[in-house]
Amino acid sequence: MWEYKLKTILTALLGIAIVSAAHAQSLPGDFVYLREIDPSIIQDIRYATANNFVGRPLAGYNAGECVVKREVGLRLKAVQQELATQNLSLKMFDCYRPARASLDMVKWSQNGRETAAERRYNPKIPKTELFRLGYIASRSQHSTGAALDLTLVDLKADNSARIDPSKTYADCTAPVEARLPEGSVDMGTGYDCTDMRGHTAAPSINPEQRGWRKRLVAAMARQGFVNYSKEWWHFSLPGVGGAAYDFPIQPRRN
């Protein structure tokens, strides 16, 4: 009887160990799902949707999950804990990016078309010039797991607005009430806005918008993150990156 019970217990423990090992090996290297480190951080992974400058999910984005290097995730958790005391939250737009997605962007830039939807994100610059001007990289830091696109959410505000397919929205430089809703604070432009107004220190934005940008940069800097001057939303953590990866982003296992 006891031998049977012991065998049953050992079998159950072995099963747990196998499941845990499989879960741990679901991502290579030191990558983790951010949701497993801090589920309170809001995620809106735009390249897993049609709500982006390409107008469709990018190659390798099989799930809307933020994947990062573990150290990056732990520092984001520290940022989130600080922001929570101010009734604010981070919102992730992009994290790890498979290398194939960057190649997908290259192909998009060379397809010879400029649609109205694309112009909402890129109102003035021909998309063939975006790589030369440093707005998009064919080899992105995102593919190392150490770069992020994000913004701030005011948890006290009404963030319920959703995209209305029947509505025509203004481009990403327009006033916040006229452009695509993002459920976040007004940073002066929408996310992925390839325009001078999207530069972190752009002089053309108003004092409140500048204040939000400074608040985001300062909170991230306290955990060692560095902002990219041409994109108020882009941050990286020096020393954590390394090699680029190309594994697809898959749904997280429960």
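Right above here is the structure, for reference.
From a predicted model like this one, the values you see are computed outputs, not experimental measurements. (Residues numbered from 1 in each chain as written. Predicted model: local features only at pLDDT ≥ 70, side-chain atom pairs only at ≥ 80, totals over all residues. Heavy atoms only, no water.)

**Student:** I tried to follow the overall build of the chain on my own but got confused; where do I start?
**Tutor:** Secondary structure summary: the chain contains 6 helices and 7 strands in total. When the helices and strands of the chain are read in sequence order from the N terminus, they spell out α-β-α-β-β-α-β-α-α-β-α-β-β. Once the C-alpha set of the chain is aligned to its principal axes, its extents read approximately 75 × 45 × 40 Å. Within the chain, buried positions represent 44% of all 254 residues. For the chain, the proportion of contacts with a sequence separation of at least 24, taken over those separated by at least 6, is 72%. For the chain, the accessible surface area stands at approximately 12,800 Å², while carbon and sulfur atoms represent 57% of it. The positive charge centre, built from 33 side chains, and the negative charge centre, built from 26, are 2 Å apart in the chain. (Helix = DSSP H or I, 4+ residues; strand = E, 2+ residues; numbered from the N terminus. Buried < 20%, exposed > 50% of the residue type's maximum accessible area, 1.4 Å probe, protein only. Contact = heavy atoms within 4.5 Å. Areas by Shrake-Rupley, 256 points an atom, 1.4 Å probe, with all protein chains shown as cover. Lys, Arg positive; Asp, Glu negative; His and termini not counted. Charge placed at Lys NZ, Arg CZ, Asp CG, Glu CD.)

**Student:** Honestly, the layout of surface pockets in this entry has me stumped. Any pointers?
**Tutor:** To locate leftover empty space, one rolls a probe as large as a water molecule over the atoms. Roughly 410 Å³ of internal volume is contained in the largest pocket. In terms of lining, the largest pocket is formed by 24 residues, of which the most central are Val176, Pro181, Glu182, Gly183 and Ser184. Residue classes in the lining of the largest pocket are distributed as 10 nonpolar, 6 polar and 8 charged. By volume, the second largest pocket amounts to about 340 Å³. Around the second largest pocket, the lining is made up of 25 residues, and of these Tyr135, Ile136, Ala137, Glu231 and His234 lie nearest the centre. Of all the secondary-structure elements, those providing two or more residues to the lining of the second largest pocket are helix 4 (99-109), strand 6 (226-228) and strand 7 (231-236). Top contributing element to the lining of the second largest pocket by residue count: strand 7, with 4 residues. (1 Å grid on protein atoms, 1.4 Å probe; cavity = no way out; pocket = protein on both sides within 12 Å on 5 of 7 lines; lining within 4 Å. Points joined across faces, edges and corners; volume = space filled by probe spheres on them. Nonpolar A, V, L, I, M, F, W, Y, C, P; charged D, E, K, R; others polar.)

**Student:** Whenever I open this one, the sheet that holds strand 4 (residues 88-94) confuses me. Can you help?
**Tutor:** Across a sheet, strands are paired by hydrogen bonds formed along the backbone, either parallel or antiparallel in direction. Spatially, the 5 strands line up as an open sheet ordered 2-4-5-7-6, and their pairing is mixed. Looking at strand neighbours, the two that pair on one side only are strand 2 (42-43) and strand 6, the edges of this open sheet. Bridging between strand 4 and strand 5 (residues 147-154) involves 6 bridges; their strand directions are antiparallel. Paired with Leu88 across the two strands is Asp154, which belongs to strand 5. Contacting strand 4 and strand 5, helix 3 (residues 70-84) runs over the sheet at an angle of about 145 degrees to strand 4. Of the strands in this sheet, strand 4, strand 5, strand 6 and strand 7 touch helix 6 (residues 207-221), which is tilted by about 125 degrees from strand 5. (Pairing = 2+ DSSP bridges. Axes fitted to C-alpha atoms, helices over the stretch in contact; angles between N-to-C directions.)

**Student:** Just checking my understanding: could you explain unusual backbone geometry for this structure?
**Tutor:** Residue Asn87 is not a glycine yet carries a positive backbone phi of 60 degrees. Inspection of the secondary structure puts Asn87 in the loop between helix 3 and strand 4. Among the residues examined, Asn87 registers a relative accessible area of 39% and is labelled partly exposed. Unusually for a residue other than glycine, Asp192 sits at a positive phi of about 65 degrees. Tracing the chain through its elements places Asp192 in the loop between strand 5 and helix 6.

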